[in-house]
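# Understanding the architecture of this molecule
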Amino acid sequence: MDLFGEAVPANWGERGRPQHIASQKNRNRVSMLVSLGWSNARIASALFVTLPTLRKHYFSELKFRDVARDRLNATVATKLWELFMAGNVAAGKEFRDFVEKNDLMLYGQIAQPPKPEKAPKLGKKEAEAAAAHQPDRGNRLGDLMARRQGPAN
């Protein structure tokens, strides 16, 4: 076994690349990484295999990329429910949060509110012209002018 718990191939260190043997552990790992949205190149790097080797040995796991996230969410929801029914209170809270997040996603309420529009950036001359039409506050003359003009726009 190597540092990460992987079996060391019999011809390790000899000439040529050792043959990759697909294990159930690696199949599960590929399925998990696909569901997390990793690219094929990134998954191949994590397994220390080439892209063609990844496609050859893990075709069935890569084939379900479109539904992998839903399958992961279904597994998480099922496990949380089982833990909650077994008496785990924390799992019940996590399950409620999971359901709430799912409902928000389902009904599209996660969208961010629109950002307020920024005021257009003024150049020096435009800023000075705008300031000239606004009375100075904090001195007697400016306060007198502000009262004459009425409420600020």
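In the block above lies the structure referred to throughout.
### Considerations on the overall build of the protein
- Along the protein, the regular secondary structure elements total eight helices and zero strands.
- Taken from the N to the C terminus, the helices and strands of the protein come in the order α-α-α-α-α-α-α-α.
- Looking at the protein as a whole, 15% of its 153 residues are labelled buried.
- Of the contacts made within the protein by residues no fewer than 6 positions apart, 37% connect residues no fewer than 24 positions apart.
- Summed over its atoms, the accessible surface of the protein is roughly 13,000 Å², and 58% of this surface lies on carbon and sulfur atoms.

### A closer look at the packing of helix H1 (residues 24-35) against helix H5 (residues 65-85)
- Running from N to C, H1 and H5 cross one another at 95 degrees; their axes reach a closest spacing of 8 Å. Taken together, the axes of H1 and H5 lie roughly perpendicular to each other. Two secondary-structure elements touch here, H1 through Met32, Val34 and Ser35 and H5 through Arg65, Ala68, Arg69 and Leu72.
- Residues that form the contact of H1 with H5 fall into these classes: four nonpolar, one polar and two charged.

### Points about the packing of H5 against helix H6 (residues 89-106)
- Direction vectors running N to C along H5 and H6 enclose 145 degrees, while the axes themselves pass 8 Å from each other. For the element pair H5 and H6, the recorded crossing hand is left-handed. Facing Asn73, Val76, Ala77, Leu80, Trp81, Leu83 and Phe84 of H5, the residues of H6 in contact are Ala91, Gly92, Glu94, Phe95 and Phe98.

### What to know about H1
- Between its terminal C-alpha atoms H1 stretches 16 Å, which fits the 16 Å expected from twelve residues at 1.5 Å a residue.
- Every buried residue belonging to H1 is among Asn26, Val30, Leu33, Val34 and Ser35, and all of these are buried.
- Against helix H2 (40-47), helix H3 (51-57), helix H4 (59-63) and H5 lie the buried residues of H1.
- With its phi angle positive at about 90 degrees, Gly37 sits one or two positions after the end of H1.

### Quick look at the packing of aromatic side chains
- Inspection of every chain in the model, using the stated rule, returns two aromatic pairs.
- Ring centres 5.7 Å apart and planes at 50 degrees place the aromatic pair Trp81 and Phe84 in the tilted group. In this pair, Trp81 and Phe84 both sit in helix H5, three residues apart, roughly one turn of the helix.
- Here Trp81 falls in the partly exposed class, since its relative accessible area comes to 39%.
- Ring geometry for Trp81 against Phe95: centres 5.1 Å apart, planes inclined by 50 degrees, an arrangement best described as tilted. Taken together, the positions of Trp81 in helix H5 and Phe95 in helix H6 put the pair 14 residues apart, joining distant regions of the chain.

### Overview of unusual backbone geometry
- Not every positive phi belongs to a glycine, and Phe48 is a case in point at roughly 60 degrees.
- You can see Phe48 is positioned in the loop between H2 and H3.

### So, the nonpolar core
- Val30, Leu33, Val34, Ile43, Ala44, Leu47, Val49, Leu54, Tyr58, Leu62 and Ala68 together form the largest nonpolar core, which totals eleven residues.
- Of all the secondary-structure elements, those providing two or more residues to this core are H1 and H2.
- Dropping the residues within four chain positions of it, Leu54 is found in contact with Val30, Asn40, Ile43, Ala44, Leu47, Val49, Phe59 and Leu62.

Conventions we followed
- Residues numbered from 1 in each chain as written.
- Predicted model: local features only at pLDDT ≥ 70, side-chain atom pairs only at ≥ 80, totals over all residues.
- Heavy atoms only, no water.
- Helix = DSSP H or I, 4+ residues; strand = E, 2+ residues; numbered from the N terminus.
- Buried < 20%, exposed > 50% of the residue type's maximum accessible area, 1.4 Å probe, protein only.
- Contact = heavy atoms within 4.5 Å.
- Areas by Shrake-Rupley, 256 points an atom, 1.4 Å probe, with all protein chains shown as cover.
- Axes fitted to C-alpha atoms, helices over the stretch in contact; angles between N-to-C directions.
- Parallel < 35°, antiparallel > 145°, perpendicular 65-115°, else oblique.
- Nonpolar A, V, L, I, M, F, W, Y, C, P; charged D, E, K, R; others polar.
- Left-handed = near helix turned anticlockwise from the far one by under 90°.
- Expected span 1.5 Å × (residues − 1).
- Phe/Tyr/Trp six-rings, centres within 6.5 Å; stacked < 30°, edge-to-face > 60°.
- Core = buried A, V, L, I, M, F, W, Y, C linked by side-chain atoms within 4.5 Å.

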